[in-house]
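So you can see what is in the structure, the chains are spelled out below.
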Amino acid sequence: MVFTPLNPLPVDTSRIRAAIRTLQPQLVEWRRQLHQKPELGFQEVLTSEFVAQKLQEWGIEHQTGIAKTGIMATIRSDRPGPVFAIRADMDALPIQEQNEVPYKSQHDGIMHACGHDGHITVALGTAYYLSQHRDDFIGTVKIIFQPAEEGLGGAEPMVKAGVLKNPDVDAMIGLHLWNNLPLGTVGVRAGALMAAVECFECIILGKGGHGAIPQQTIDSVVVGAQVVNALQTIVSRNVNPIDSAVVTIGEFHAGTAHNVIADTAKLGGTVRYFNPTYKGYFGPRLEQIIRGICQAHGARYELNYWELYPPVINDGAIANLVRSIAEDVIESPLGVVPDCQTMGGEDMSFFLQEVPGCYFFLGSANAEKDLAYPHHHPRFDFDETALSMGVEIFVRCVEKFCR
Ligand code: NI
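Just so we're clear, the structure is a prediction, and the values are computed from it rather than from any experiment.

Peer 1: What should I look at first to understand helix α6 (residues 220-238) in this one?
Peer 2: An α-helix turns once every 3.6 residues. As a result, residues three or four positions apart point the same way. For α6, built from 19 residues, the straight-helix expectation of 27 Å at 1.5 Å per residue is met to within 8% by its first-to-last C-alpha distance of 26 Å. Buried residues in α6 make contact with β8 (196-205), β10 (245-254), β12 (264-273) and α7 (282-297). You can read the cap of α6 off the contacts: a side-chain oxygen lies 2.9 Å from the backbone nitrogen of V221, and it is on D219.

Peer 1: How do you make sense of the environment of F252 when you look at a structure like this?
Peer 2: Relative to the helices and strands, F252 resides in strand β10. Overall, F252 belongs to the partly exposed group, its relative accessible area being 34%. Note: C-alpha distance between F252 and A296 (44 residues apart in sequence) is 20 Å. Apart from residues lying up to four places away in sequence, F252 is in contact with V221, G224, A225, V228, A265, K266 and L267.

Peer 1: Looking at this structure, I do not really get the sheet that holds strand β15 (residues 335-337). What am I missing?
Peer 2: Pairing between sheet strands relies on hydrogen bonds along the backbone, with the strands arranged either parallel or antiparallel. The strand order β1-β2-β4-β3-β5-β16-β6-β15 describes an open sheet built from eight strands, whose pairing is mixed. The strands lining the two open edges of the sheet, one partner per strand, are β1 (61-66) and β15. Strand-to-strand twist in this sheet, taken as the mean axis angle between neighbours without regard to direction, amounts to 25°. Direction of pairing for strand β2 (residues 70-76) relative to strand β4 (residues 140-146): antiparallel, over a ladder of six bridges. Across the sheet, residue T74 finds its bridge partner in β4, namely K142. Sheet strands touched by helix α3 (residues 45-57): β1, β2 and β4. Its angle to β2, the strand with the most contacts, is close to 20°.

Peer 1: Please explain the domain arrangement of the protein chain as it appears in this structure.
Peer 2: Interfaces are often sized by the accessible area lost when the parts come together. Considered domain by domain, the protein chain is made up of domain 1 (13-194 + 312-401) and domain 2 (196-309). Here the C-alpha centre of domain 2 lies 38 Å away from the C-alpha centre of domain 1. With 18 residues of domain 1 at the interface, the matching set in domain 2 holds eleven residues. Taken together, the two surfaces of domain 1 and domain 2 that pack against each other cover about 890 Å², and 70% of this comes from carbon and sulfur. Inspection of the region where domain 1 meets domain 2 yields zero salt bridges. At the junction of domain 1 and domain 2, the tally comes to four residue pairs in polar contact (both at pLDDT 80 or more). Contributing elements (two or more residues each) for the side of domain 1 that touches domain 2: β7 (191-194) and α9 (348-354). Tallying contributions element by element places β7 first for the side of domain 1 that touches domain 2, with three residues.

Rules behind the numbers
Residues numbered from 1 in each chain as written. Predicted model: local features only at pLDDT ≥ 70, side-chain atom pairs only at ≥ 80, totals over all residues. Heavy atoms only, no water. Helix = DSSP H or I, 4+ residues; strand = E, 2+ residues; numbered from the N terminus. Expected span 1.5 Å × (residues − 1). Contact = heavy atoms within 4.5 Å. Polar contact = N/O pair within 3.5 Å; in protein donor to acceptor, adjacent residues only side chain to side chain. Buried < 20%, exposed > 50% of the residue type's maximum accessible area, 1.4 Å probe, protein only. Pairing = 2+ DSSP bridges. Axes fitted to C-alpha atoms, helices over the stretch in contact; angles between N-to-C directions. Domains from an automatic or database assignment. Buried area = accessible area lost by both parts, 1.4 Å probe. Salt bridge = Lys/Arg side-chain N within 4 Å of Asp/Glu carboxyl O.

Written out as structure tokens, the structure is:
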């Protein structure tokens, strides 16, 4: 029996590589233009105009104004087949850039300090390449430019607006340029890649008074301190030790003077975990502990708890596809970092809850060029060589999945 692939066209990966490498100077130019005009979540007006104008120029069908500033490009081959989606986030951060580079941010107090300017660029490069090579794949590719990843969760309203429907997306990928990994590496794994993100604010309501007369008061600092300690037992005593989780209290505000007992203390924190079965667990458990401690001291409390992003869970088969292509594309002895995981969160999870897919990290740090500052740092920048690598991985995934 003769095996007949759905797409009988031979795929010449060296041709794809050569064509994409010629785009590199163009990619750098787009990235630097975007870098100079960073915008915060749901305010990506200039950014989405830039994207729409390019898509228009290349004759790519697209829809603007999704979830305020989101855009979806649709690139159809002339043959029916699967629907593959690629996602890029577009927002910047409220940070004053400290890099002295010609393409420094021109928007005071706003900076692309997470590399999303690079994500837009990689997605644009992919859109351009695919629009020029519609014979390389069958079916349809949707490229989703999403607003507001940084805390505001722009992915969720994009999903609600129907970007994964009509035609229905079969599989999806996305990447994050990653300065925790050197250029020439890719971090990818099946299963949980990034954690669920939840957060809370708690106000302990005690009774203030003189620092020398504690018997007349309910000391909110003492109550708060016990709460901070006791909350650590959720991870150490309640969560299955096989699973990973974090409870961090990042804020503790109380008091005005050394000899005054504070009547209120405000705590704020974040909760992270990989295993989605813990959804709905941490909030009530946290409240149980706070309630018990407050009761023991006669204090009251107010608690607000938010479940922000679910964990980013990669589909095994698509993660394998990305891994095998990445091994081929990056041509580096450093290679693929197989079990890369972080307790950081990402709203890519809202897409991956709906369709199977894979999110991965593309190493972008280069210490020799002083391009190794961490994400969200005022001197963050990345090695732009990663841009064409990103395009090549995306294009090769399309070519492999849509055939
Ligand atoms: Ni980011």
